Amino acid sequence: MCGITGVLNRVDAPPVTEATLRQMLAMIRHRGPDEIGIYRDEWVGLGNARLSIIDLSGGQQPISNEDGTLWIVFNGEIFNYLELRPELEARGHQFATHCDTEVIVHLYEDYGPGCLSRLNGQFAIAIWDTRNRSLFLARDRLGIRPIFYTRNDQQLVFGSEIKALLACPGVNAEINHDALDQVFVYWSALSPNTVFNGIWEVPPGHYLLAKDNALSVEPYWSLDFEVDRTAQPEQVYLEELEALLIDATRIRLRADVPVGAYLSGGLDSSLTTALIRNYTHNRLDTFSIAFADNPGFDESAFQRRMAAHLGTDHRVVQCTHADIGAVFPEVVWHTETPVLRTAPAPMFLLSKLVHEHNLKVVLTGEGADEFLAGYDIFKEMKIRRFWAQHPESQIRPLLLKRIYPDIANLGSLNNTFLNAFFKRGLADTGSPYYSHAIRWSNTARTQRFLAHQRLEEDARLPLTVPPGFHRWSSLGQAQYLESTVFLPQYLLSSQGDRMAMANSVEGRYPFLDYRVVEFCNRLPPDVKMPGLREKWLLKQIGRRLLPPEIWQRTKRPYRAPIHRSFYGQHTPDYVEELLSDSALRESGLFNPAAVAQLTHKATNGGGLSETDEMALVGVLSTQLVYQQFVKTFNLAPYDTCSPAKVVDRVTTEIGASVAVGK
Amino acid sequence: MDIKREQIRTYIAENILFTNKEYPYSDNASFLNEGILDSMNVLQLVMFVEKRFGIKVNDEDIVPENFDSVANLFAYIQRRVGTPVHA
């Protein structure tokens, strides 16, 4: 796992300096604190900050093919590299290292962009082809690892994080108002947008090819929810899923350093941890978050139960309201985007705990809710479609109480009113956004704080669906929306990669093995969620491996406290400062009077609604983004970034120097 | 008790819409259809009515006929308080 960055000159221009590359790497040193590597020639500069996990001594980047015509910097893991290597050797390739990075460069030599279909992993790749002077950037299928780029007539600049791009002379941060509008509907900007003008991400499952003055971005994989026509007995599906999960877990244990696991106390991470325990016999470290001053969010009893059941060395970070408030600016420095939840903050504290115990790798349970149908939004969609068949039914909407017991138990909130909320757009069953329309519409209420308000529908237009979408089941359609918006843009980035890598920790996700995902997406919907029973197949596996109180648990969404983190016993100074009238007028992004009323409500304990809380975090995190990236942008000192490996072909001809230990 | 529609409008503007004191809808606009309230806001509005006007809102009263517009809510409060009203 690493951070990568680079600059491609698109016109005749002075070569990118080593100092520039070192400065860009200094900004993402948290991703790769172990060593720095640089490649330079007249046209391109590549940089890598390495977190050594495989081939600790021999895997220094950049790495080349045999004749030094292809050079790679790489962030991520190729879990099937051991299977790919003999095949490449049989084709005549000679390996200089034992690391997975080198497999990619030889595969690319033989297959070009087609090599991506052979990779099972989580990755962001940059390969410079000196033969035709092309730069190839690629990202894994589901968007586990990030890669951003910006370009103008002179240069293309890329990096694992936006802050690396901003360290390159000539690249500046300006807020993209359209993308900000999207954040206040979808919880994130929609790919390939970021909240900064002119800075894009390479979308999940895509590669970018820059050659001469042309630049193209192409898909190489996409989600497909076309169901297998030949239905199998449930037992057949069960056995295949279990075999796939075992193998997905097994290859994710490949590392030359110890591998730990996150344990939330829910079904998914309990299962991945149990699989590790059942199929390996090493010591196993597990890590959890507890909310000491908020029992409503705390799951530590279940975490302790699982840790005891599996006999792991278990450690817990106690996360208080004050902790969340204290680390939030640093969290937003790493997310590089506004967020509408504080949930990334405890994840930041959790990876810190992992780092303090000298672990670099953890397996986690992300992905099961998306691809094995665990979320309440899928149940909500099923109930509303069922209800829509008889809209006047008084009985059908009562099913909503089963998924929203907290709302139903509010007591004085009459059913008639509750039903009325979920009846909005009930008959619009042909809409591709049917499953998510209510969620997006509710979240869009936070847009009322924006200085430049847009119609909700306008913000929704950029979200398109693929041609085959209308053939998929309604569950498949809902899963697609969830897996292309919320999963990569928020869960795997703001709450995933960024929070783990902030503390030099790599997350690995067995449920996001593409073989598991493709298998799940071919399953008949009723096998994944018969009636309103979520993650049915997974629970059948859990039944054999987990204590009943774990696998039978009702799913509980991971949440973290919001307004008490900022308006508790002590309000952090930055909150008052950034939400002040003058700070809001300076950024020009929000309506100061509206924000003043919101903060007044929060300060007076006025019982913030869900929308109010999202708005509060959204405004505050946007102001932090503005302050840390637009108003001022502090460069990290780069003199500590002394490269362990430099390939300098600016002063020497191609085929010449490789300096190690410079 | 002196009850004015303006009190309802102002409360919603300041605490739910965050539009200062301005209520940018007609008094007959549906809270549901216009997206003025979310489910939690209904509860908030009930608490406001109970506290400000000193009445106990029964569960069966929390229906759109009473709580779905400024006009409906005004009429409901008027009925419950049973006093002359200045519109």
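Residues numbered from 1 in each chain as written. Chains lettered and ligands numbered in written order. Predicted model: local features only at pLDDT ≥ 70, side-chain atom pairs only at ≥ 80, totals over all residues. Heavy atoms only, no water.

Visitor: Outline the overall build of chain B, supporting the account with residue identities and numerical values.
Guide: A tally of regular secondary structure across chain B gives four helices and zero strands. Across chain B, helices and strands are ordered from the amino to the carboxyl terminus as α-α-α-α. On C-alpha atoms alone, chain B measures out to a radius of gyration of 12 Å, which is about the 12 Å that the 2.2 N^0.38 rule sets for 87 residues. Taken along its principal axes, the extent of the C-alpha atoms in chain B is 30 × 25 × 20 Å. Here chain B holds 87 residues, and the buried ones make up 52% of them. (Helix = DSSP H or I, 4+ residues; strand = E, 2+ residues; numbered from the N terminus. Rg over C-alpha atoms; globule rule 2.2 N^0.38 Å. Buried < 20%, exposed > 50% of the residue type's maximum accessible area, 1.4 Å probe, protein only.)

Visitor: Mind laying out the sheet that holds strand 7 (residues 134-139) of chain A, listing which residues take part and the relevant values?
Guide: Sheets are built from strands paired through backbone hydrogen bonds, the pairs being either parallel or antiparallel. Residue and element names in this part refer to chain A. Taking strand neighbours across the sheet as the criterion, the six strands line up as 4-5-6-7-11-12 in an open arrangement whose pairing is antiparallel. Lying at the two open borders of the sheet, with one neighbouring strand each, are strand 4 (63-64) and strand 12 (214-219). Strand direction decides the pairing type here: strand 4 and strand 5 (residues 70-78), joined by two bridges, are antiparallel. In the strand pairing of strand 5, Ser 64 is matched with Trp 71. The sheet strands contacting helix 3 (residues 100-111) are strand 4, strand 5, strand 6 (121-129), strand 7 and strand 11 (206-211), and the helix crosses strand 5 at an angle near 125°. (Pairing = 2+ DSSP bridges. Contact = heavy atoms within 4.5 Å. Axes fitted to C-alpha atoms, helices over the stretch in contact; angles between N-to-C directions.)

Visitor: Quick one: what's the story with the packing of helix 9 (residues 321-335) of chain A against helix 10 (residues 344-356) of chain A, residue by residue and with numbers?
Guide: Residues and elements named next belong to chain A. For the pair helix 9 and helix 10, interaxial distance at closest approach is 9 Å and the crossing angle is 90°. Taken together, helix 9 and helix 10 sit at an angle that is classed as roughly perpendicular. On helix 10, the residues that touch Asp 323, Ile 324, Val 327, Glu 330, Val 331 and His 334 of helix 9 are Pro 344, Ala 345, Pro 346, Phe 348 and Leu 349. A class-by-class count of the residues in the contact of helix 9 with helix 10 yields eight nonpolar, one polar and two charged. (Parallel < 35°, antiparallel > 145°, perpendicular 65-115°, else oblique. Nonpolar A, V, L, I, M, F, W, Y, C, P; charged D, E, K, R; others polar.)

Visitor: How would you explain the domain arrangement of chain A if you had to name every residue and give the values?
Guide: All names here are of chain A. Looking at chain A, the domain boundaries give domain 1 (2-175 + 196-221 + 640-660), domain 2 (222-285 + 334-340 + 353-551) and domain 3 (568-631). Overall, the association of domain 2 and domain 3 removes approximately 1200 Å² of surface from exposure, summing both partners, and the carbon and sulfur fraction of that is 72%. On the domain 2 side of the contact with domain 3, Pro 338, Leu 340 and Phe 449 bury the most area, a combined 47% of that side's loss. Counting the contacts that link domain 2 with domain 3 gives zero salt bridges. Joining domain 2 to domain 3, the criterion identifies four residue pairs in polar contact (both at pLDDT 80 or more). For the side of domain 2 that touches domain 3, the class distribution of residues is six nonpolar, five polar and two charged. (Domains from an automatic or database assignment. Buried area = accessible area lost by both parts, 1.4 Å probe. Salt bridge = Lys/Arg side-chain N within 4 Å of Asp/Glu carboxyl O. Polar contact = N/O pair within 3.5 Å; in protein donor to acceptor, adjacent residues only side chain to side chain.)

Visitor: So what's going on with the nonpolar core? Which residues, and what values?
Guide: One finds Leu116(A) and Ile125(A) to be the most contacted residues of the largest nonpolar core, which totals 175 residues. Here the element with the most residues in this core is helix 28 (residues 610-631) of chain A; it accounts for ten residues. Within the second largest apolar cluster, 29 residues are counted, among which are Phe421(A), Ile16(B), Leu17(B) and Leu37(B). (Core = buried A, V, L, I, M, F, W, Y, C linked by side-chain atoms within 4.5 Å.)

Visitor: I'd love a proper account of helix 20 (residues 514-522) of chain A, names of residues and values included.
Guide: All names here are of chain A. Within the sequence span of helix 20, burial applies to Tyr 514, Val 516, Val 517, Phe 519, Cys 520 and Asn 521. Next to the buried residues of helix 20 lie helix 6 (234-251), helix 11 (368-371) and helix 21 (525-528). Capping the start of helix 20 is the job of one residue whose side-chain oxygen sits 2.9 Å from the backbone nitrogen of Arg 515: Asp 513.

Visitor: Pulling in residues and values, what's your account of the pairing of strand 15 (residues 313-318) of chain A?
Guide: As a general feature of sheets, a regular strand has side chains that alternate between the two faces. All names here are of chain A. Examined bridge by bridge, strand 14 (residues 285-290) and strand 15 share six bridges and lie parallel to one another. Within strand 15, the position partnered with Ala 290 by the bridge is Gln 318. The parallel pair strand 14 and strand 15 is bridged by helix 8 (residues 300-310), and the resulting crossover is right-handed. (Right-handed = clockwise from strand over helix to strand, strands pointing away.)

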